[in-house]
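# Examining the three-dimensional arrangement
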Amino acid sequence: MGLEIIGLNKTFSDKKSAETVQVLNDINYHVQDGRFVSIVGPSGCGKTTLLRIIAGLEKASGGNLLLNGREISHDVNRVGLVFQEYALFPWRTTLQNIELGLEMMDVPKEKRRMTAMKFIRSFGLTGFENRYPHELSGGMQQRVAIARTLITDPKVVLMDEPFGSLDSQTRNNLQAFLLGLWQQQRVTIIFVTHNVDEAVFLSDEVLVFSKRPASIVARFDITASRPRERTSTESNQMRKMILDTLEAENMETP
Ligand SMILES: Nc1ncnc2c1ncn2[C@@H]1O[C@H](COP(=O)(O)OP(=O)(O)OP(=O)(O)O)[C@@H](O)[C@H]1O
Ligand SMILES: [Mg+2]
C-alpha cells in the first residue's frame, strides 16, 4: 500500500515552436504509507513538475500513479499541497483560509468553523484567527498553509520547498512542528528541498534526482532514531554522502 510511481515520464511541448523538453525520465518509486520522503536535485531538474503531476495539476506524458492500488487522478482530495509561496488568499483571514479546504469539500458551516478553530489552537494561531495574511509573520503564514492542507485529512501531503524563504530559526522550529504533526497523523509526506540538512533531519528516505530530465540517481535511508540530533555523527555522515552524490550529479556534463 502507499503511493506507487510507475514509469512516469513528462515532456513539455511548445506547439508554436514545435520544441519539446523532456523533464521526467522514467521515474519509478514506491512510497510506503506514512513515510517521510525528501527529494533533492539540481535546480530545474523536474521536482516541482513531479509534485504537480502527483497533485493532478499537470498531466504525465506516460506512466501511472497509484494510491493504495487505485489510479490517483480521480481522487485529488486525498493529496494535499503546500508550496513555498504560501499561496494564502490575501482577502481571507486566518480562519477563512484554513476553512477553505473544508468549503471545497462541502462541509457544513458549523462543522467547518469548529474544526478550523481546533486547528488554530493546535497550530499556535490563537488570537490571529481574524488577521489577514499580510499581518502574519512568514512562519505563521506557512503554518496557516499547512493547517489549510491538513484539515482536509489528506493521505499524501506534497511539500515544495515549504520553508525555503524562512530564516533559519523559524525554519528549524517549523521542521520540528511538522515532524510532530506527521507523527500524530501518520500521513505520507513527499518533501522537496534544496537543503540537505533539512532533508536529513526530517526524512525516512532521501531521493537524489539527476539533472533534467530527472531520474532517480540514488536513494538514502535515514535510520537515525527520532528525535534527531542535527549534528550527530550519523547525521553528518548521511549529509556528506548526499552532498557528494549531488555534487557528482551537478558536475556531470549533459
Ligand atoms: N508549463 C511548462 N511548460 C514548459 N516547460 C516547463 C513548464 N513547467 C516547467 N517547465 C520546465 O521543466 C523543467 C523543470 O522545472 P521544475 O519547475 O519542475 O524544476 P525544479 O526541479 O522544481 O527546479 P527548482 O529546484 O529550481 O525549483 C524546467 O526546465 C522548466 O522550464
Ligand atoms: Mg521547483
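Residues numbered from 1 in each chain as written. Chains lettered and ligands numbered in written order. Predicted model: local features only at pLDDT ≥ 70, side-chain atom pairs only at ≥ 80, totals over all residues.

Moving on: the overall build of the chain. Across its full length, the chain carries 7 helices and 10 strands. Its C-alpha atoms give the chain a radius of gyration of 19 Å, near enough to 18 Å, the size a compact globule of 254 residues would have. Principal axes of the C-alpha set define a box for the chain whose edges measure 55 × 50 × 35 Å. Out of the 254 residues belonging to the chain, those deemed buried represent 37%. Across the chain, contacts joining residues at least 24 apart in sequence account for 71% of those joining residues at least 6 apart. (Helix = DSSP H or I, 4+ residues; strand = E, 2+ residues; numbered from the N terminus. Rg over C-alpha atoms; globule rule 2.2 N^0.38 Å. Buried ≥ 20, exposed ≤ 12 C-beta atoms within 10 Å, placed from the backbone. Contact = placed C-beta atoms within 7 Å.)

Our next topic: the nonpolar core. Leu 158, Ile 190, Val 206 and Ile 242 are the most contacted members of the largest nonpolar core, which has 63 residues in total. The element best represented in this core is helix 4 (residues 138–150), accounting for 6 residues. (Core = buried A, V, L, I, M, F, W, Y, C linked by C-beta atoms within 7 Å.)

The next point concerns the site of ligand 1. The environment of ligand 1 is formed by Phe 12, Val 21, Val 23, Gly 41, Ser 43, Gly 44, Cys 45, Gly 46, Lys 47, Thr 48, Thr 49 and Arg 212. At the level of elements, strand 2 (20–32) and helix 1 (47–54) are the ones that each hand at least two residues to the shell around ligand 1. Counting residues per element, the shell around ligand 1 draws most heavily on helix 1, at 3 residues. Looking at side-chain class alone, the shell around ligand 1 contains 4 nonpolar, 6 polar and 2 charged residues. (Near = placed C-beta within 6 Å. Nonpolar A, V, L, I, M, F, W, Y, C, P; charged D, E, K, R; others polar.)

Before going further, it helps to examine unusual backbone geometry. The omega angle of the peptide bond from Arg 212 to Pro 213 is -5°, so this bond is cis rather than trans. For Pro 213, the position within the fold is in the loop between strand 9 (205–209) and strand 10 (216–221). Here the amide bond leading from Arg 226 into Pro 227 is cis, since omega sits at -5°, within 30 degrees of zero. The topology assignment puts Pro 227 in the loop between strand 10 and helix 7 (233–251). Positive phi values are uncommon outside glycine, yet Asp 26 reaches one of about 55°. At Glu 161, a residue that is not glycine, the phi angle is positive and equals roughly 45°.

You can see Gly 7 is positioned in strand 1 (residues 2–13). Look at Gly 7 and you get exposed, because 11 C-beta atoms sit within 10 Å. Excluding anything up to four places from it in sequence, Gly 7 contacts Asp 26, Asn 28, Gly 62, Gly 63 and Asn 64.

Taken in spatial order, the 4 strands make up an open sheet running 2-1-4-5, and their pairing is antiparallel. In this open sheet, the two strands that pair with only one neighbour each are strand 2 and strand 5 (70–71). Relative to strand 2, strand 1 runs antiparallel, the two sharing 9 bridges. Its bridge partner being in strand 2, Phe 12 is matched across the sheet by Val 21. Across the sheet, helix 1 lies against strand 1, strand 2 and strand 4 (62–67), angled at about 65° from strand 2, the strand it touches most. (Pairing = 2+ DSSP bridges. Axes fitted to C-alpha atoms, helices over the stretch in contact; angles between N-to-C directions.)

In this section: helix 3 (residues 109–122). For helix 3, built from 14 residues, the straight-helix expectation of 20 Å at 1.5 Å per residue is met to within 8% by its first-to-last C-alpha distance of 20 Å. Listed as buried for helix 3 are Arg 112, Ala 116, Phe 119 and Ile 120. On an axial view of helix 3, the arc spanned by its buried residues comes to 100°, and they lie on one face. Away from the buried face of helix 3 by more than 90 degrees, exposed residues Glu 110, Lys 111, Met 114 and Arg 121 are located. Elements in contact with the buried residues of helix 3: helix 2 (94–104) and helix 4. Positive phi appears at Gly 124, one or two residues downstream of helix 3, with a value of about 65°. (Expected span 1.5 Å × (residues − 1). Arc of directions from axis to C-beta.)

All right, on to the sheet that holds strand 8 (residues 188–192) then. The strand order across the open sheet built from 6 strands is 6-7-8-3-9-10, with neighbouring strands paired in mixed fashion. Here the strands that pair on one side only, and so sit at the sheet edges, are strand 6 (79–83) and strand 10. Between one strand and the next, the sheet's axes are offset by a mean angle of 15°, whatever the strand orientation. When strand 3 (residues 36–40) meets strand 9, the two strands line up parallel, connected through 4 bridges. Bridge pairing in strand 9 links Ile 39 to Leu 207.

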